[in-house]
2 protein chains.
Amino acid sequence: MKDYTAPSILSGFMELLPDDQIKFNKMLETIKGTYERFGFVPIDTPVIEKSEILLAKSGGETEKQIYRFNKGDSDLSLRFDLTVPLARYVAQHFNSLTFPFRRYQTGKVFRGERAQKGRFREFYQCDIDIVGNETLDIINDAEILSVIYSTFRALGFEKFKIKISNRKVLNGFFEYLGTANKSDILRVIDKIGKIDGKSFKEELVKTGLKNDVIKKIIAFINIKGNVDSIITQLSEMEIDNKLFRDGINELKSVCGYVEYFNIPISNYMIDTTIARGLDYYTGTVYETFLDDYPSIGSVCSGGRYENLAQSYTDRKLPGVGISIGLTRLFYQLKEAGFITEENISTPTKLLVIPMEETMNNALDFATKIREAGIPTEIFFNECKFAKKFSYADKLGIPYVVVIGSDEIAAKEFKLKDMKTGEQKTMRTEDIINTLKTI
Amino acid sequence: MKDYTAPSILSGFMELLPDDQIKFNKMLETIKGTYERFGFVPIDTPVIEKSEILLAKSGGETEKQIYRFNKGDSDLSLRFDLTVPLARYVAQHFNSLTFPFRRYQTGKVFRGERAQKGRFREFYQCDIDIVGNETLDIINDAEILSVIYSTFRALGFEKFKIKISNRKVLNGFFEYLGTANKSDILRVIDKIGKIDGKSFKEELVKTGLKNDVIKKIIAFINIKGNVDSIITQLSEMEIDNKLFRDGINELKSVCGYVEYFNIPISNYMIDTTIARGLDYYTGTVYETFLDDYPSIGSVCSGGRYENLAQSYTDRKLPGVGISIGLTRLFYQLKEAGFITEENISTPTKLLVIPMEETMNNALDFATKIREAGIPTEIFFNECKFAKKFSYADKLGIPYVVVIGSDEIAAKEFKLKDMKTGEQKTMRTEDIINTLKTI
């Protein structure tokens, strides 16, 4: 019977109904607004790039996940992050940019991962990076932490923790241990918090490490406390390795500057076990956890890298940056009940209901409200009055005005608050002032 | 010597430097803001959809241009417009939406066209549509015209013309003529304005039409004048065809309502020769031309359609909508010199330059300015003073403050206007107030 295609989208792709879309957009705008307040510059790169560019430096996992195809003679790929395009952008437009180059970019990236709950194949990333020409002062690493703090405060969170470490500490520690099976140890370290101390030790034994090395690893892992205490404990570990010491000094510098930024000590801490991006990051690393939603994992991560664009230029471009995976974050927050269930499915603040004989005046009236910047809609459909109010109700429009001949004559209108049902008679200017406050 | 890949993007893709990106984003935000003020709801659909969905109803041209590929077992395509995804969205989420459904969507679409100057393979579309359930009052067609008007006014244009017609007029006219070679005639009609009257007639003769039919076509084409006059002339043509008469009546209704919307008569006109989307649109059609840039062609087009989602549902969903192709518009306006050459490459309004001993205070100061919503940047790099000011100059940052110990003690700061070179000593609150006005 049906002669149409059943409408559906691919699995692993997020599509929202208007009420959630409005909430999603608000989060995106909040993030962009915060980035801009710190003076980051927006850029926008193509979704489709040459495969040779996007895959210039990448491992097997990326190759497998990437959406890659041919069109005519071209070998094309969809961007899988915003960092590779940034590297290409900076190398390509080097002479037109001013350094340090502070850029932000928000947009969709694509990864054909195995589909699973809470993972998306198309998702928004919201990135900032500060890229220096040849050098970049370490105070920038502290400022990035301040941007993370301001962003999550602006998103409405108070209880969250930004964990920082320095890649050189962990790398120097491994260098000192002289052990080859770094990745095995990291896999074990990654289980901290998920398994108890005894199992942890057993896992390390399985990797074939000697007992004295295991002892050192456990001592290292057990370093806890406030920022100063951790730095002292690390310094006192008597590990004779330059990289390790450099890492401690950098960590000390960053934490010193962070104090200037007035970030509450409850919102950041050192965690030397952060193992993220071990091949990529070379200095400071960040992860961010929401206290009330630990299962979401890190909601904002990043770090310092030595050389952003070595695949595209021989210039040395060190940088530091972070990324928020907004699609996943939104999904997880919604699952966790953080996203309010309030049903507002339109930006409209006022629904104007004209009568047939007042259409002209109603349009005039609506134009005045709009010119004050207030989203205003006119109800045009011919139907019963109750249905007109029910339209406002269903969409979550907070106020309604009916424009009758009497109102036009009196130059006063009844503003109906849809939540309380209350009506107040007001002049146009007062209606504008009332609506501006919501 | 080089062991890197030369950075480049694909031809036919737009990528902007920060100064142009900021201008582009401003245009995009202006369009979105206007759409929202009219109560349109934002939606966001996947960039990648099932090919069977996107190609459910499409001609050969679309199939040729579409970016289509396989990943695993899936036959995927990149969206080539925002209308097909809207149709799928409305059919799929029908029960969760409130009608009339007023949605806007802005985003990139993809068409692998032959590359040529000013045409893009990846470009932004900015769409609005009003979709009714079963019916949709014709006053909505007039409101769409009002949205076009407000949008282009908000973008800074005064001299532009929205041309409207009704598809039924042209279709009824052809029906009445009883001629089969409609597309040949349309091709000729499309040349109006580009060729003189004599050549025009010759072209019509070439299509094999009889002389009396050609006379009627020329009479139809020559109908000119203001809205009322054109409607009168059309009515007096004595064309005995129901479709034609329906078209005139609809055109009359729309133009009657348009008067209520207070659109200056210099900004709209009837043009019965609009031949756009002949297969798709069934009623009102719109095109928009900038008086000072006629060669750009229509910058905003659309129309009324009988049945949006017939490929995905058996529900009747009539609608009316428009689209602005922003990437092409921006490119053309820049070529034409409309986009100002002012070099502002950052959202930053204030550059704060700390001294080593005042870093703490400088960060405090910057935080206060930021909290007032003003994009503020701190200059961290160690370098000569002149270089710090030159950084502000290069990026087009309008104001600079140097935070010295004296300033901290006096609680007053020298705000330097980078354009005039003028310095004014002010307290923090006054600096905020000054910066808020720019």
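The notes below deal with the structure included here. (Residues numbered from 1 in each chain as written. Chains lettered and ligands numbered in written order. Predicted model: local features only at pLDDT ≥ 70, side-chain atom pairs only at ≥ 80, totals over all residues. Heavy atoms only, no water.)

**So, the sheet that holds strand β2 (residues 48-50) of chain A**
All names here are of chain A.
- Strand order in the open sheet formed by three strands is β2-β4-β3, and the pairing between neighbours is antiparallel. Looking at the sheet topology across the chains shown, the edges are occupied by β2 and β3 (68-71). Direction aside, neighbouring strands of the sheet carry axes that sit 40° apart on average.
- Pairing between β3 and strand β4 (residues 74-78): four bridges, direction antiparallel. (Pairing = 2+ DSSP bridges. Helix = DSSP H or I, 4+ residues; strand = E, 2+ residues; numbered from the N terminus. Axes fitted to C-alpha atoms, helices over the stretch in contact; angles between N-to-C directions.)

**Some remarks on the pattern of salt bridges**
- Evaluation of the coordinates by the stated rule reveals 52 salt bridges over all chains.
- A salt bridge links A:Asp44 to B:Lys108, with the nearest nitrogen and oxygen atoms 3.3 Å apart. Linking A:Asp44 in the loop between β1 (41-42) and β2 with B:Lys108 in strand β5 (residues 101-110), this pair reaches from one chain into another. For the pair shown, A:Asp44 and B:Lys108 are each scored as buried.
- Residues A:Arg88 and B:Glu15 are paired through a salt bridge, measuring 2.7 Å at the closest nitrogen-oxygen approach. With one member in each of two chains, A:Arg88 in helix α4 (residues 83-92) and B:Glu15 in the segment before α1 (18-37) form a pair that bridges those chains.
- Within the structure, one salt-bridge network assembled from shared partners comprises A:Arg102, A:Glu143, B:Arg370 and B:Glu377. (Salt bridge = Lys/Arg side-chain N within 4 Å of Asp/Glu carboxyl O. Buried < 20%, exposed > 50% of the residue type's maximum accessible area, 1.4 Å probe, protein only.)

**Let's talk about the environment of B:Ile48**
- Examined against the element boundaries, B:Ile48 turns out to sit in strand β2 (residues 48-50).
- Each C-alpha atom of the pair B:Ile48 and B:Arg79 lies 6.3 Å from the other, and the pair is 31 residues apart in sequence.
- Other than its neighbours up to four places away in sequence, B:Ile48 contacts A:Leu10, A:Phe13, A:Tyr67, A:Leu78, A:Phe110, A:Glu122, B:Leu76, B:Ser77 and B:Leu78. (Contact = heavy atoms within 4.5 Å.)

**What about helix α12 (residues 326-335) of chain A?**
Residues and elements named next belong to chain A.
- Within α12, seven of the 10 residues are buried, leaving the element largely enclosed by the surrounding structure.
- Among the residues making up α12, those that are buried are Leu326, Thr327, Leu329, Phe330, Tyr331, Gln332 and Leu333.
- For α12, the secondary structure elements touched by its buried residues are α1 (18-37), β6 (122-131), α5 (139-154), β9 (284-290) and β11 (319-325).
- Immediately beyond the C-terminal end of α12, within one or two residues, lies Gly337, with a positive phi of roughly 85°.

**With respect to the interface of chain A and chain B**
- Facing the 93 residues of chain A at the interface are 93 residues of chain B.
- For the pair chain A and chain B, the two sides together bury roughly 8100 Å², of which 61% comes from carbon and sulfur.
- Of all residues in chain A, A:Glu15, A:Arg37 and A:Phe380 give up the largest surface area on contact with chain B, accounting jointly for 8% of the area buried on that side.
- Linking chain A with chain B are eight salt bridges.
- Linking chain A to chain B there are 38 residue pairs in polar contact (both at pLDDT 80 or more).
- Ranked by residue count, the leading element in the side of chain A that touches chain B is α1(A), at six residues.
- In terms of residue class, the side of chain A that touches chain B is built from 47 nonpolar, 25 polar and 21 charged. (Buried area = accessible area lost by both parts, 1.4 Å probe. Polar contact = N/O pair within 3.5 Å; in protein donor to acceptor, adjacent residues only side chain to side chain. Nonpolar A, V, L, I, M, F, W, Y, C, P; charged D, E, K, R; others polar.)

**Comments concerning the packing of helix α7 (residues 182-189) of chain A against helix α8 (residues 197-206) of chain A**
All names here are of chain A.
- Packing of α7 against α8 brings their axes to within 10 Å, and their N-to-C directions diverge by 165°. The orientation of α7 relative to α8 falls into the category roughly antiparallel. Handedness of the α7/α8 crossing: right-handed. Residues Ile185, Val188 and Ile189 of α7 touch α8, and the partners they reach there are Phe200, Glu203 and Leu204.
- Among the residues forming the contact of α7 with α8, the class breakdown is five nonpolar, no polar and one charged. (Parallel < 35°, antiparallel > 145°, perpendicular 65-115°, else oblique. Left-handed = near helix turned anticlockwise from the far one by under 90°.)

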